[in-house]
Amino acid sequence: MPGRWRISNSRGALNANGEIDIDPKTPVYARVDKNICAQNINALKTQQASAPESQKSMYDADIQKWERKITTLEILGVSSYNEISDQSIIQLKNQAGTTYGLYIEIQDILKKVVNDLRNERCRELGWGEYAELDKEEAGDLEKIEALQVLVPERIIEAKIEQ
Amino acid sequence: MGKFNKGRKKDVPGVNTSALPDIIFMLLFFFMVATTMKEVDMQVDVKKPSASQAEVLEEKDNVDFIYIGFPIDAAEGTEPRIQLDDQLALDPSQVKNWKLSKAREGKTVFDIVTSLKVHKDVGMRVVSIIKENLREIDAIKINYSADKRAN
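Residues numbered from 1 in each chain as written. Chains lettered and ligands numbered in written order. Predicted model: local features only at pLDDT ≥ 70, side-chain atom pairs only at ≥ 80, totals over all residues.

### Looking at the overall build of chain A
Piece 1. Within chain A, the regular secondary structure consists of 4 helices and 7 strands.
Piece 2. Listing each helix as α and each strand as β along chain A from the N terminus yields β-β-β-β-α-α-β-β-α-α-β.
Piece 3. The burial tally for chain A puts 9% of its 162 residues in the buried class. (Helix = DSSP H or I, 4+ residues; strand = E, 2+ residues; numbered from the N terminus. Buried ≥ 20, exposed ≤ 12 C-beta atoms within 10 Å, placed from the backbone.)

### Some points on the environment of A:Glu129
Piece 1. Mapping A:Glu129 onto the fold places it in the loop between α3 (100–124) and α4 (138–150).
Piece 2. Measuring from C-alpha to C-alpha, the distance between A:Glu129 and A:Ser54 comes to 40 Å, with 75 residues separating the pair along the chain.

### Concerning the packing of helix α2 (residues 56–76) of chain A against α4(A)
Residue and element names in this part refer to chain A.
Piece 1. Between α2 and α4, the shortest axis-to-axis distance is 9 Å and the interhelical angle comes to 110 degrees. With respect to α4, the axis of α2 lies roughly perpendicular. Contact with α2, carried on its side by Arg68, Lys69, Thr71, Thr72, Ile75 and Leu76, involves Glu142, Lys143, Glu145, Ala146, Val149 and Leu150 of α4 and no other residues of that element.
Piece 2. Residue composition of the contact of α2 with α4, grouped by class: 5 nonpolar, 2 polar and 5 charged. (Axes fitted to C-alpha atoms, helices over the stretch in contact; angles between N-to-C directions. Parallel < 35°, antiparallel > 145°, perpendicular 65-115°, else oblique. Contact = placed C-beta atoms within 7 Å. Nonpolar A, V, L, I, M, F, W, Y, C, P; charged D, E, K, R; others polar.)

### Considering the pairing of strand β6 (residues 113–118) of chain B
Residue and element names in this part refer to chain B.
Piece 1. The alternating pattern of β6 places Thr114, Leu116 and Val118 on a buried face, while none of Val113, Ser115 and Lys117, on the opposite face, is buried.
Piece 2. As judged from the 6 bridges shared by strand β3 (residues 63–71) and β6, these two strands associate in the parallel manner. Residue pairing in the sheet places Asp64 in a bridge with Thr114 of β6.
Piece 3. By the bridge criterion, 3 bridges tie β6 to strand β7 (residues 142–144) in an arrangement that is parallel. The partner of Leu116 across the bridge, within β7, is Tyr144.
Piece 4. With respect to chirality, the unit in which β6 leads through helix α3 (residues 124–136) into the neighbouring parallel β7 is right-handed. (Pairing = 2+ DSSP bridges. Right-handed = clockwise from strand over helix to strand, strands pointing away.)

### Describing the domain arrangement of chain A
Piece 1. For chain A, the domain assignment lists domain 1 (1–88) and domain 2 (90–162).
Piece 2. At the interface, 8 residues of domain 1 of chain A touch 8 residues of domain 2 of chain A. (Domains from an automatic or database assignment.)

### Digging into the nonpolar core
The nonpolar side chains of a soluble globular protein tend to be buried with one another.
Piece 1. Counting residues in each nonpolar core, the largest one holds 21 residues, and the members touching the most others are A:Tyr100, B:Ile66, B:Ile68, B:Val118, B:Val127 and B:Ile130.
Piece 2. Where this core is concerned, the elements lending two or more residues are α3 of chain A together with β3, β4 (81–84), β6 and α3 of chain B.
Piece 3. When residues in this core are grouped by element, the largest group, 4 residues, is from α3(B).
Piece 4. Setting aside anything within four residues of it in sequence, one finds B:Ile130 in contact with B:Ile66, B:Ile82, B:Pro92 and B:Val95. (Core = buried A, V, L, I, M, F, W, Y, C linked by C-beta atoms within 7 Å.)

### Re the interface of chain B and chain A
Piece 1. Listed per partner, the contact involves 20 residues of chain B and 20 residues of chain A.
Piece 2. Ranked by residue count, the leading element in the side of chain B that touches chain A is α3(B), at 4 residues.

### Digging into the confidence of the model for chain A
Residues and elements named next belong to chain A.
Piece 1. Averaged over every residue, the pLDDT of chain A is 79; residues scoring 70 or more account for 83%.
Piece 2. The least confident element of chain A is strand β1 (residues 4–6), whose mean pLDDT is 41; the most confident is α3, at 89.
Piece 3. Taken as a whole, residues 1–12 scores under 50 in pLDDT and shows 20 contacts with residues more than four places along the chain or in a different chain. (pLDDT = per-residue confidence, 0-100.)

Below is the structure:
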């Protein structure tokens, strides 16, 4: 895909041909800038215009996602940032017999990891503690949304075999 | 020295009760204002799991609740059952029609969050069936209910 590349890290080692071998587990990053956001928003708006009435609001969520990325760029004061690919996800697979209590416990741990990472970014940016940002305040809400863009939470669940 | 006249009976004046209605009305109004109606009669027992990262659910008007737990009435058996509003669902596929009937003014099914309140010992099978049913009608905003715990 255009606009995408792998960022090698310490896991990539030189092979016999002098190329960098990249561990397939190395996360793929995508560059996000204002142009890409604007393109996507336009494309979604065109699709939305021709979509049936009942599905129109589903596009709003996607459009909002890209608008948030623009806000993130503005709040960070940069022209582009690297975003972890939307193919990097956490897959959670349950068995039919798993109890709901255990499931929530695992979700809780995953959520904690995401929150910890957001907290880390939050401190790096000099915004203090993530948990102390207040949704009710406009300035803080923007920061929360920016952190949600920078550290996305993508958990998908596999279908349970019945 | 004063004289003590033990024999004379004193008339005790009657208690003034003219303020009594005021007090009663004040109590009545207090309870009228402070009481919230219980939204549903629980037919199933839901002991929620706890989670440290739980967040408070906002905009409660925009949420439908589905309860899954063990029936309180022993005649309904011991298998986990689904409660939609005041009734136990006979079949998980009822969730679809129920959710569609909940559509509100100016809101599509997609916009309305479905909150699952599930007993912690219920298996994920039934939860998963409900989620699939909801997905079929594009009601994909789901949240899981849990009690907040410190850590």
